[in-house]
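The chain contents come next:
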Amino acid sequence: MSSFKTLSGIPEELFLEFMKEALVPVETLIDRVSNLANISAFLFDWLDSVNWVGFYLYEDGKLKLGPFQGEPACQAIENGRGVCGRALMEKRYFNVPDVSLFPGHIACSDKSKSELVYPILREDMSVIGVIDIDSPILSRFSEDDVRLLQRVSEIVKSFF
Ligand code: SME
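These remarks concern the structure in this document. Please read all numbers here as calculations on a predicted model, not as lab measurements.

### Observations regarding the overall build of the protein chain
Summing up its helical and strand segments, the protein chain has 4 helices and 6 strands in all. Starting at the N terminus and walking to the C terminus, you meet the elements of the protein chain as α-α-β-β-β-α-β-β-β-α. Scaling as 2.2 N^0.38, a compact globule of 160 residues should have a C-alpha radius of gyration of about 15 Å, and the protein chain matches this with 15 Å. Oriented by its inertia axes, the alpha-carbon framework of the protein chain measures out at about 40 × 35 × 25 Å. Across the 160 residues that make up the protein chain, the buried fraction comes to 44%. For the protein chain, long-range pairs separated by at least 24 residues make up 53% of all intrachain contacts whose partners lie at least 6 apart in sequence. About 8,000 Å² of surface is accessible on the protein chain, with carbon and sulfur atoms providing 53% of the total. In the protein chain, 16 positive and 24 negative side-chain charges are present, and the distance between their average locations comes to 4 Å.

What follows is the structure, given as structure tokens:
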């Protein structure tokens, strides 16, 4: 596997290729956990100006904290609560330019100013979880970032 330190500034296609190379075939729960851990580490390293990248996984009617990079975060999010809970409930992504203006936003860190949450859905539209990325700057996320997370969600879906 390539060193994470070489990832900064490389094109998206190459980044995704390196990331996919690092993933293991999934046979057990721990294989899934290690893949999600590496995906969050890859994204955290490659993306500029982000302070949190991680997964919340759906279980027992709520989202539970999965592998992530960044400061400790809240461990359970109810359906419909915060940006993540809205993405779960509405099964769509949320690109929030200013979290202070998002009703019900759950502030895990004072550093987070903007946020992008993308749902991971099975073919039958049931929810596996969400990918959540926070930035310390306002309006950090673009449509390109949305497309990137769409591609990452497809990769994650393939091992659930
Ligand atoms: N801000 C999120 C909570 C998770 S943290 O950002 C890591 C939300 O409102 O759902």
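### Describing the packing of helix H2 (residues 29-46) against helix H4 (residues 143-158)
Where H2 contacts H4, the axes come no closer than 12 Å and their chain directions differ by 165°. Between H2 and H4, the interaxial angle falls into the category roughly antiparallel. The chirality of how H2 crosses H4 is right-handed. The segment H2 lies against H4, with Leu36, Ile39, Leu43 and Trp46 engaging Leu148, Leu149, Val152 and Val156.

### As for helix H1 (residues 12-22)
The complete set of buried residues in H1 reads Phe15, Leu16, Met19 and Ala22. For H1, the arc enclosing every buried residue in end-on projection is 120°, short of the 170-degree limit, so these residues lie on one face. Packed against the buried residues of H1 are H2 and H4.

### Focus on the site of the ligand
Around the ligand there are 13 residues in total, and Val83, Cys84, Ile106, Glu115 and Asp134 lie nearest to it. The separation between an oxygen atom of the ligand and a polar main-chain atom of Cys84 is 2.9 Å. A distance of 3.2 Å separates a nitrogen atom of the ligand from a polar atom in the side chain of His105. Compared with its free state, where it exposes 300 Å², the ligand has 99% of that area covered by protein. If you list the elements that add at least two residues to the shell around the ligand, you get strand E1 (52-59), helix H3 (82-90) and strand E6 (127-135). No other element matches the 3 residues that H3 contributes to the shell around the ligand.

### Some remarks on H3
Burial in H3 covers these residues: Gly82, Val83, Cys84, Gly85, Ala87 and Leu88. Here the buried face of H3 lies against E1, strand E2 (62-70), strand E3 (76-78), strand E4 (94-96), strand E5 (114-121) and E6. One or two steps after H3, the chain reaches Lys91, where phi turns positive at roughly 50°.

### Looking at a nonpolar patch on the surface
On the surface, a nonpolar cluster with roughly 320 Å² of combined accessible area is contributed by Leu29, Ile30 and Val33. You can see Leu29 is positioned in helix H2. Using a relative accessible area of 61% as the deciding quantity, one classes Leu29 as exposed.

The rules behind each value
- Residues numbered from 1 in each chain as written.
- Predicted model: local features only at pLDDT ≥ 70, side-chain atom pairs only at ≥ 80, totals over all residues.
- Heavy atoms only, no water.
- Helix = DSSP H or I, 4+ residues; strand = E, 2+ residues; numbered from the N terminus.
- Rg over C-alpha atoms; globule rule 2.2 N^0.38 Å.
- Buried < 20%, exposed > 50% of the residue type's maximum accessible area, 1.4 Å probe, protein only.
- Contact = heavy atoms within 4.5 Å.
- Areas by Shrake-Rupley, 256 points an atom, 1.4 Å probe, with all protein chains shown as cover.
- Lys, Arg positive; Asp, Glu negative; His and termini not counted.
- Charge placed at Lys NZ, Arg CZ, Asp CG, Glu CD.
- Axes fitted to C-alpha atoms, helices over the stretch in contact; angles between N-to-C directions.
- Parallel < 35°, antiparallel > 145°, perpendicular 65-115°, else oblique.
- Left-handed = near helix turned anticlockwise from the far one by under 90°.
- Arc of directions from axis to C-beta.
- Near = heavy atom within 4 Å.
- Polar contact = N/O pair within 3.5 Å; in protein donor to acceptor, adjacent residues only side chain to side chain.
- Patch = residues over 30% accessible without salt bridge, like charges linked within 9 Å, V, L, I, M, F, W, Y side chains within 5 Å.
- Salt bridge = Lys/Arg side-chain N within 4 Å of Asp/Glu carboxyl O.

Such coordinate-based values are descriptive only and should not be taken to indicate function.
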